[in-house]
Amino acid sequence: MTSETNPDLEREVRAQIRELQAVIEKVSHDFSGHPTQEVRDAVQREIDALGNGASIVDPELNHGAQAVSEGKQLRLTDEGKLLADD
């Protein structure tokens, strides 16, 4: 049995990360200073709306939501790591 690698996989992953970056920036801006649970819900709702199977899970989601609640801006690296800017 042989397996074939999708030649477009890298491009698809990069596109998915760009979509997630846009969502993170939007939620970070729109929900800065809001309660942590409200931020978590917004992140989850926006990611689910993408419909591309992407997700951010705990503890990263919780840390990110807490940072936005504290007024910090989130960003997603090109490698898909969620970071909070001080």
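These notes cover the structure that comes with them. (Residues numbered from 1 in each chain as written. Predicted model: local features only at pLDDT ≥ 70, side-chain atom pairs only at ≥ 80, totals over all residues. Heavy atoms only, no water.)

## What to know about helix H1 (residues 9–30)
1) Next: For H1, built from 22 residues, the straight-helix expectation of 32 Å at 1.5 Å per residue is met to within 8% by its first-to-last C-alpha distance of 32 Å.
2) Next: Those residues of H1 not exposed but buried are Ile17, Leu20, Gln21, Val23, Ile24, Val27 and Ser28.
3) Next: Tucked into the core, H1 has its buried residues touching helix H2 (36–50), helix H3 (60–69), strand S1 (73–76) and strand S2 (82–85). (Helix = DSSP H or I, 4+ residues; strand = E, 2+ residues; numbered from the N terminus. Expected span 1.5 Å × (residues − 1). Buried < 20%, exposed > 50% of the residue type's maximum accessible area, 1.4 Å probe, protein only. Contact = heavy atoms within 4.5 Å.)

## Focus: the environment of Gly33
1) Next: Considering the arrangement of structural elements, one finds Gly33 in the loop between H1 and H2.
2) Next: Gly33 sits in the exposed class, given a relative accessible area of 53%.
3) Next: For Gly33 and Ala67, which are 34 residues apart along the polypeptide, the C-alpha to C-alpha distance reads 8.9 Å.
4) Next: With residues near it in sequence (within four places) discarded, Gly33 still touches Val68, Ser69 and Gly71.

## Comments concerning H2
1) Next: Given a rise of 1.5 Å per residue, 15 residues ought to cover 21 Å, and the 22 Å separating the end C-alpha atoms of H2 matches this to within 8%.
2) Next: Within the span of H2, buried status applies to Thr36, Val39, Arg40, Ala42, Val43 and Ile47. Seen from one end, H2 has its buried residues packed into an arc of 165 degrees, which puts them on one side.
3) Next: Looking at the buried residues of H2, the elements they touch are H1 and H3.
4) Next: Downstream of H2 by a residue or two, Gly51 has a phi angle that is positive, lying close to 70 degrees. (Arc of directions from axis to C-beta.)

## With respect to the packing of H1 against H2
1) Next: Interaxial distance between H1 and H2 falls to 10 Å at its minimum, and their mutual angle equals 150 degrees. Taken together, H1 and H2 sit at an angle that is classed as roughly antiparallel. Along this stretch, H1 crosses H2, giving a crossing that reads as right-handed. Seen from H1, the contacting residues are Glu19, Leu20, Val23, Ile24, Lys26 and Val27; seen from H2, they are Val39, Ala42, Val43, Glu46, Ile47 and Leu50.
2) Next: In terms of residue class, the contact of H1 with H2 is made up of nine nonpolar, no polar and three charged. (Axes fitted to C-alpha atoms, helices over the stretch in contact; angles between N-to-C directions. Parallel < 35°, antiparallel > 145°, perpendicular 65-115°, else oblique. Left-handed = near helix turned anticlockwise from the far one by under 90°. Nonpolar A, V, L, I, M, F, W, Y, C, P; charged D, E, K, R; others polar.)

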